[in-house]
There are 2 protein chains.
Amino acid sequence: MSRSGRAAEPALPAAPGASQEEIRRQNLGAVLRYVHVHGPTSRAELTGRLGLNRSTIGALALDLTTAGLVTEEAEAPTAARRAGRPSLVVSPRSAGVYAHALSIEADLLRAARIGLGGRILDLREIRRPPGMPVLDAVVPLAALLRDMHRSVPGDALLVGGAAAVADTSRDGAGRIRIGAADEKLADALRAELPAGPGFVTGDLADIAALAEHLRGVAAGVNDLVYLHGDLGVSAGIITGGRLVTGHRGHSGKVGHMVVNPDGLPCGCGSRGCWETEIGEAALLRHAGRAAGEPGAASEVVRAAVGGDPTAGSAVREVADWLGFGVANLVNVVNPDLVVFGGSLREVYAAGAGVVRRRLDGIALPASREHVQLRAATLGRDAALIGAAELAFDQLLADPLNAGVAG
Amino acid sequence: MSRSGRAAEPALPAAPGASQEEIRRQNLGAVLRYVHVHGPTSRAELTGRLGLNRSTIGALALDLTTAGLVTEEAEAPTAARRAGRPSLVVSPRSAGVYAHALSIEADLLRAARIGLGGRILDLREIRRPPGMPVLDAVVPLAALLRDMHRSVPGDALLVGGAAAVADTSRDGAGRIRIGAADEKLADALRAELPAGPGFVTGDLADIAALAEHLRGVAAGVNDLVYLHGDLGVSAGIITGGRLVTGHRGHSGKVGHMVVNPDGLPCGCGSRGCWETEIGEAALLRHAGRAAGEPGAASEVVRAAVGGDPTAGSAVREVADWLGFGVANLVNVVNPDLVVFGGSLREVYAAGAGVVRRRLDGIALPASREHVQLRAATLGRDAALIGAAELAFDQLLADPLNAGVAG
């Protein structure tokens, strides 16, 4: 996955010798991207935001309307509006232009149709049984997509698909299994869905980070660390508005930072990795509960919030280690914002004070003073919304030459 | 510091509605940047590399020649060259177009004039006494620049200046002092050097990373971590070809990742920070030598290489902790390359096997298998060369409207 997370800015790079045709394609993409991210927008506002003149915006909007990607209608009259001709409002055609979004999570397989503008049009999910390899998820996910396909209007445009794959899964005995992604997944999805355009795949934490950056709590923030907890812990790191993918897309394996050299053995073969202290298993261990049941960790957090002292102590212990690793990341990355998603959302919500105290106790003042900590806002849908963004990417780069009917 | 480290690519972002004048400015910048980074280049090669046609390249080269930024001369005839008119070779006018580059290091103040193309034209240095605040370095550095100024040709163009500031310094007793930069530094430099254009300042590790990325061991590598050791340890992190600056330019404080919660107190107020295990003081401690003398750490490494068993054991201990923190960074950032600079260059060179073994022992296979470890190649000059790049930035963005004579 190599795309930029910077979707809200109109300017795309142009080669020095860009032709008129390339400039037009970029301008079409800029207009479509703007309404995709910001929703219905008047031509007048687009003119101002994109730095293009009025007649250019009009021509671009007409092209996009003709292509069936947006609709235009007169702005509703308001008392505040000045005299003169009302500006037409450009809206993304959400119901008619959509992407396939999948997530392969530790305990769940989810499939959605997501419309231009980021609207979830349809969503199905089934349980992922322990021990199911990623590739075995292809057939049931394809079946979910086919099932949804029955209600798609005949003239709808499918622009592509993407799958977000969690970094960890359960083995047959319910224990954590690491590095659960599979390079053959994209090919397998394409083979199973012959009518669809190319599927892309990516790391779930990275993709959820993009979603929170574009449409969630991190909108407008260009330097952030999104922490995703499930069985393990991964991060999506965005700096200068761009996702840090790393050389081979393996960045953000923060769960395997060693924070406690004398700690417990980790499934990765090392010892004292961060996720041995803040993962689901750590929470259950401190609470004296059995590991392996989906939902058990949430139950501990609920008990802690409800006043159960053992559960409360378990949450505080995990929150303390959470703050410890966050301090390391804050020192290394200097983000403006740290977002807690997945199962860490609940832990953070219940132990925010503990996290902050540990962070303040050990991170450098210059880095910690301005950093904000927040719970994710898109919740469980972040991965699907982010996957749809990957799928929309080609359309937004070249609006008139992407997608297939159906 | 917010510039991109991606200097070798011709394409600059153009707003969708870029004017002819803007396109021309970008193209001028692309040609100048190319010869600045790659050295003398024929018009024919520029045509191919920048995707512009031959007559456009000719016109741009002529404009740059007229502005005194490049020279053009006929390519030397070679047997291999095909028949036809020889292509003119465009060269940066290194001696006539230059930047002021400064570095404020723990024990040293350095000033250089660096010509377009990255050539060091002149360089002076003096000792920085323990306890000297960053702001007090302004007057002696300005004196060094004035001293050099006497030998500058009258028609030379000064395009700007930049200072690289180390993250740590010594207090009056020779002990490590953290967060040694000063926000007022740039203003103080501008005030002391009224004839020069705006000075910019940045973190020394970030700036050295840019230099190694542009002209050193990391040329052509887009995902790298540059580790800089002096009294402390900082990193310059480049991902996707761009420097990670963080929200307020404080990224890369990797020396304060806590790697050993039961470790020694750190000057930052925390405990067990990475630099307590791999900094200069750690090496001296393990070698049983007194801290505080500049050059003492290098002496330990030399003794280790020479066969001294105590020094050898000290280097191995530090190298092991070096590999430990590198593993964390490799898991988080997934770089293609880790570069060891400053005093860590020597430690790495003497203990490379130990570093690699620890890295392989604890980093995730997917991240560690492809990562290369290398000693920095620009040596002590990396910070000055990188600072000059910051100073050249404005010129390269708008070649015909930057700089002042003298």
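Just so it is clear, the structure is predicted and the values come from calculations on it, not from any experiment. (Residues numbered from 1 in each chain as written. Chains lettered and ligands numbered in written order. Predicted model: local features only at pLDDT ≥ 70, side-chain atom pairs only at ≥ 80, totals over all residues.)

**Q** Which parts of the structure should I look at to understand the overall build of chain A?
**A** Helix and strand counts for chain A stand at 13 helices and 16 strands. Taking 22 Å as the expected radius of gyration for a compact globule of 406 residues, we find that chain A reaches 23 Å, a close match to that expectation. A principal-axis box enclosing the C-alpha atoms of chain A has dimensions of 70 × 50 × 45 Å. Once local pairs closer than 6 in sequence are excluded, the contacts in chain A between residues at least 24 apart make up 66%. (Helix = DSSP H or I, 4+ residues; strand = E, 2+ residues; numbered from the N terminus. Rg over C-alpha atoms; globule rule 2.2 N^0.38 Å. Contact = placed C-beta atoms within 7 Å.)

**Q** Explain the nonpolar core to me, please; I cannot follow it from the model alone.
**A** Inside soluble globular proteins, nonpolar side chains tend to come together where they are buried. In terms of nonpolar packing, the biggest core is built from 268 residues, with A:V31, A:A387, B:V31 and B:A387 touching the most fellow members. Every residue in contact with B:A387, bar those within four places of it in the chain, is listed here: B:A101, B:L102, B:S103, B:A162, B:A163, B:A164 and B:I207. (Core = buried A, V, L, I, M, F, W, Y, C linked by C-beta atoms within 7 Å. Buried ≥ 20, exposed ≤ 12 C-beta atoms within 10 Å, placed from the backbone.)

**Q** Hey, could you run me through the packing of helix α9 (residues 296-305) of chain A against helix α10 (residues 309-333) of chain A in this one?
**A** When two helices pack together, their arrangement is given by the angle between the helix axes and the distance between those axes. All names here are of chain A. Between α9 and α10, whose axes approach to 7 Å, the crossing angle comes to 110°. On the basis of the axis angle, α9 is roughly perpendicular to α10. Considering the relative orientation of α9 and α10, their crossing is left-handed. Residues V300, V301, A303 and A304 of α9 lie in contact with α10, whose contacting residues are A311, G312, A314 and V315. Among the residues forming the contact of α9 with α10, the class breakdown is seven nonpolar, one polar and no charged. (Axes fitted to C-alpha atoms, helices over the stretch in contact; angles between N-to-C directions. Parallel < 35°, antiparallel > 145°, perpendicular 65-115°, else oblique. Left-handed = near helix turned anticlockwise from the far one by under 90°. Nonpolar A, V, L, I, M, F, W, Y, C, P; charged D, E, K, R; others polar.)

**Q** What should I look at first to understand the pairing of strand β11 (residues 224-229) of chain B in this one?
**A** Residues and elements named next belong to chain B. Within β11, six of the six residues are buried, leaving the element largely enclosed by the surrounding structure. Of the two faces of β11, the one holding L224, Y226 and H228 and the one holding V225, L227 and G229 are both buried throughout. By the bridge criterion, six bridges tie β11 to strand β12 (residues 233-239) in an arrangement that is antiparallel. Paired with Y226 across the two strands is G236, which belongs to β12. (Pairing = 2+ DSSP bridges.)

**Q** What should I look at first to understand the domain arrangement of chain A in this one?
**A** By a widely used convention, the size of an interface equals the accessible area lost when the partners come together. All names here are of chain A. In terms of domain boundaries, chain A breaks down into domain 1 (1-77 + 86-93), domain 2 (98-207 + 382-405) and domain 3 (221-376). Once you take the C-alpha centre of each, domain 2 and domain 3 turn out to be 26 Å apart. Of the residues lining the interface, 15 residues belong to domain 2; the matching set on domain 3 comes to 19 residues. For the side of domain 2 that touches domain 3, the elements supplying multiple residues, two or more each, are β8 (168-170), β9 (176-178) and α6 (204-215). (Domains from an automatic or database assignment.)

**Q** Looking at this structure, I do not really get the sheet that holds strand β2 (residues 70-74) of chain B. What am I missing?
**A** Sheet strands pair by backbone hydrogen bonding; their relative direction is either parallel or antiparallel. Residue and element names in this part refer to chain B. Taken together, three strands build an open sheet; the order of strands is β1-β3-β2 and the sheet is antiparallel. Two strands in the sheet have a free side with no partner beyond their single neighbour: β1 (41-42) and β2. Each of β1, β2 and β3 (88-92) touches helix α1 (residues 20-38); the most contacted strand, β3, lies at about 75° to it.

**Q** Just checking my understanding: could you explain the interface of chain B and chain A for this structure?
**A** Facing the 53 residues of chain B at the interface are 53 residues of chain A. Sorting the residues of the side of chain B that touches chain A by element identifies α1, α10 (309-333) and α12 (365-368) of chain B as the ones contributing at least two each. No other element matches the six residues that α10(B) contributes to the side of chain B that touches chain A.

**Q** I would appreciate a short explanation of the relation of the copies chain B and chain A in the present structure.
**A** The operation linking the two copies of the chain is a rotation about an axis combined with a translation along the axis. Overlaying chain B with chain A gives an RMSD of 0.0 Å, the required rotation being 180° about an axis along which the chain moves by 0.0 Å. Those values place the two copies in the arrangement expected of a two-fold rotation axis. Taken together, the interface assignments show that 100% of the residues at the interface of chain B recur at the interface of chain A, consistent with an identical surface on both copies. (Least-squares fit on C-alpha atoms with pLDDT ≥ 70 in both.)

**Q** How do you make sense of unusual backbone geometry when you look at a structure like this?
**A** For residues other than glycine, phi is negative in most cases, and the peptide bonds are mostly trans. Backbone geometry at A:N334 places phi at a positive 50°, although glycine is not the residue there. With respect to the element layout, A:N334 can be found in the loop between α10 and β14 (337-342).

**Q** For this particular structure, what's the right way to read the environment of A:A387?
**A** By the secondary structure assignment, A:A387 is in helix α13 (residues 382-397). In this structure, the C-alpha to C-alpha distance between A:A387 and A:L102, residues 285 residues apart in sequence, is 6.9 Å.

**Q** Would you mind showing me how to read the packing of helix α6 (residues 204-215) of chain B against helix α13 (residues 382-397) of chain B here?
**A** All names here are of chain B. At a minimum axis distance of 7 Å, the contact between α6 and α13 shows a crossing angle of 85°. One element, α6, and the other, α13, form an angle in the roughly perpendicular class. Here L204, I207, A208, L210, A211, E212, L214 and R215 of α6 come into contact with α13, specifically with A382, A383, I385, G386, A387, E389 and L390. Grouping the amino acids of the contact of α6 with α13 by side-chain chemistry returns eleven nonpolar, one polar and three charged.

**Q** Please clarify how the confidence of the model for chain A should be interpreted in this entry.
**A** Detailed reading of the predicted coordinates is not advisable wherever pLDDT is low. All names here are of chain A. Scored by pLDDT, chain A comes out at a mean of 88, with 91% of its residues at no less than 70. Segment residues 1-14 is flagged for pLDDT under 50; beyond a separation of four residues in sequence, or across chains, it makes 43 contacts in the model. Scored as a complex, the prediction yields pTM 0.86 and ipTM 0.81. (pLDDT = per-residue confidence, 0-100.)

**Q** Explain helix α3 (residues 54-66) of chain B to me, please; I cannot follow it from the model alone.
**A** Each α-helix turn comprises 3.6 residues. Residues three or four places apart therefore point the same way. Residue and element names in this part refer to chain B. With 13 residues, α3 ought to run about 18 Å at 1.5 Å a step, and its terminal C-alpha atoms sit 18 Å apart, in line with that. Among the residues of α3, I57, L60, A61 and L64 are the ones counted as buried. Along the axis of α3, the buried positions cluster into a sector of 100°, meaning they face one direction only. Residues of α3 that are exposed and angled more than 90 degrees away from the buried face: S55 and T66. (Expected span 1.5 Å × (residues − 1). Arc of directions from axis to C-beta.)

**Q** So what exactly am I meant to see when it comes to the sheet that holds strand β2 (residues 70-74) of chain A here?
**A** Residues and elements named next belong to chain A. One open sheet accounts for three strands, arranged β1-β3-β2; its pairing is antiparallel. With one partner strand each, in any of the chains shown, β1 (41-42) and β2 form the two edges of the open sheet. Bridge count for β2 against strand β3 (residues 88-92) is five bridges, and the pairing is antiparallel. Residue pairing in the sheet places V70 in a bridge with P92 of β3.

**Q** For this particular structure, what's the right way to read the environment of A:A291?
**A** Residue and element names in this part refer to chain A. Within the secondary structure, A291 sits in the loop between α8 (280-286) and α9. Using a count of 17 C-beta atoms within 10 Å as the deciding quantity, one classes A291 as partly exposed. Considered as a pair, A291 and R175 are 116 residues apart in the sequence and their alpha carbons are 8.1 Å apart. Contact partners of A291, with chain neighbours within four places excluded, come to A281 and L284.

**Q** Explain α6(A) here, please?
**A** End to end, α6(A) covers 16 Å across twelve residues, agreeing with the expected 16 Å (1.5 Å per residue, within 8%). Buried residues dominate α6(A), accounting for twelve of its twelve residues.

**Q** Quick question: what am I supposed to make of the pairing of β12(B) here?
**A** The side chains of a regular strand alternate between the sheet's two faces. Residue and element names in this part refer to chain B. Most of β12 is tucked away, with seven of its seven residues classed as buried. Burial along β12 is two-sided: V233, A235, I237 and T239 facing one way and S234, G236 and I238 facing the other are all buried. Hairpin geometry of β11 and β12 is characterised by an intervening segment of three residues between the two adjacent antiparallel strands. Adjacent in sequence and paired antiparallel, β12 and strand β13 (residues 242-243) are bridged by two residues, among which G240 carries a positive phi angle near 55°.

**Q** How do you make sense of the environment of A:S169 when you look at a structure like this?
**A** Residue and element names in this part refer to chain A. Looking at the element boundaries, S169 is found in strand β8. Looking at S169, the number of C-beta atoms within 10 Å reads 26, which means it is buried. In sequence terms S169 and P130 are 39 residues apart; their C-alpha atoms lie 7.5 Å from each other.

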